[in-house]
Amino acid sequence: MALRERGATVSGDDQGEARKALEGLAVKLLQAGERRGRGQAVGADVDGLYAIARSCPDTLTGDRDKALVFTGFHYASRSQDPAGLLTGDVTLHPRGLVIAVLTGKTKHSVRNAKLAYAQDPEVCPVRAWTAYRIRLVAEHGEQGPTLRPLRSSASTGTATSPAAWSPTA
């Protein structure tokens, strides 16, 4: 899908060949004794947050990744939750962030996850989100980049200026 979004032509034959190649690699992994698939996921912990913070590059993408991981950790998100966030789902308040999170797998409702500033700025979800939004506007203007790092909702009317995302707003 990403290739098409970048203007590359991908035929059905290309998809079939890629699928065959991936299936062949899966067989080789099984033959080598590696077990793949679902199972109990390893729980996240604070040490892992520090490792993520230190491994993210000093780029817009790195700032986005930290913001999504830190906020997701602090409101105990499911794996698909951060991918579905809209810009308007996150509101900055003097005490932290309020994130409107969809709940339920079939009948959706919304819960407001409230995240306070963390004592350690290195793993603070509020500071990470604020840094990402400020950098996004600085590098791409008020409208953001063509391929948004995080989906946005034009209908929300959410302010995206750095002043709107500063901790004192």
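Residues numbered from 1 in each chain as written. Predicted model: local features only at pLDDT ≥ 70, side-chain atom pairs only at ≥ 80, totals over all residues. Heavy atoms only, no water.

### Focus on the overall build of the chain
For the record, the criterion: To qualify as a helix, a DSSP run of H or I must reach at least 4 residues; to qualify as a strand, a run of E must reach at least 2; elements of each kind are numbered from the N terminus. We call two residues in contact when some of their heavy atoms are within 4.5 Å. Here the open area of atoms and residues is found with the Shrake-Rupley method and a 1.4 Å probe, where only the protein chains shown may cover a residue.
Looking only at helices and strands, one finds five helices and three strands in the chain. Written out in order from the N terminus, the α and β elements of the chain read α-α-α-α-β-β-β-α. Looking at the chain alone, contacts between residues at least 24 apart form 53% of all its contacts between residues at least 6 apart. Accessible area for the chain stands at about 11300 Å²; split by element, carbon and sulfur atoms hold 54% of it.

### Focus on helix H4 (residues 60-74)
What counts, and what does not: Working rule for helices: expected span equals 1.5 Å times residues minus one.
The end-to-end C-alpha separation of H4 is 21 Å, in line with the 21 Å expected for 15 residues at 1.5 Å each. The elements touched by buried residues of H4 are helix H3 (46-55), strand S2 (96-103), strand S3 (109-116) and helix H5 (125-140). A positive backbone phi angle near 55° is found at Ala76, which sits one or two residues after H4.

### Focus: the pattern of salt bridges
So the rule is basically this: What counts as a salt bridge is simple: a side-chain nitrogen of Lys or Arg found within 4 Å of a carboxyl oxygen of Asp or Glu. Under the scheme applied here, a residue whose accessible area is under 20% of the maximum for its type counts as buried, over 50% as exposed, and between as partly exposed, the area being computed with a 1.4 Å probe on protein chains only.
In the structure shown here, the tally under the stated rule is five salt bridges. Residues Arg64 and Asp65 are paired through a salt bridge, measuring 2.8 Å at the closest nitrogen-oxygen approach. The exposure class assigned to Asp65 is partly exposed, which follows from its relative accessible area of 28%. Across the pair Arg135 and Glu139 runs a salt bridge, and its minimum N-O distance is 2.8 Å.

### A look at the pairing of strand S1 (residues 90-93)
Our working rule: Paired strands, in this sense, are two strands between which DSSP finds at least two bridges.
Of the two faces of S1, the one lined by Val90 and Leu92 is fully buried and the one lined by Thr91 and His93 carries no buried residue. Counted between consecutive antiparallel strands, the loop separating S1 from S2 contains two residues.

### Remarks on unusual backbone geometry
Positive phi is not limited to glycine here, since Ala76 has a value of about 55°. With respect to the helices, strands and loops of the structure, Ala76 is situated in the loop between H4 and S1.

### A word on the nonpolar core
The criterion, for reference: Definition used in this section: a nonpolar core is a set of buried Ala, Val, Leu, Ile, Met, Phe, Trp, Tyr and Cys residues joined via side-chain atoms within 4.5 Å.
Formed by 24 residues in total, the largest nonpolar core has its most connected members in Phe70, Tyr75, Leu97, Ile99, Trp129 and Tyr132. Elements with a contribution of two residues or more to this core: H3, H4, S1, S2, S3 and H5.

### Focus on the sheet that holds S1
This is how it is decided: Interaxial angles span 0 to 180 degrees and are taken between N-to-C directions of axes, which are lines fitted to C-alpha atoms, for helices over the stretch in contact.
Taken in spatial order, the three strands of this open sheet run S1-S2-S3, and their pairing is antiparallel. A single partner strand is all that each edge strand has here, and the edge strands are S1 and S3. Averaged over all pairs of adjacent strands, the angle between their axes in this sheet comes to 25°, without regard to strand direction. Both S1 and S2 contribute to a ladder of four bridges, which runs antiparallel. Opposite Leu92, over in S2, you have Leu97 as the bridge partner.

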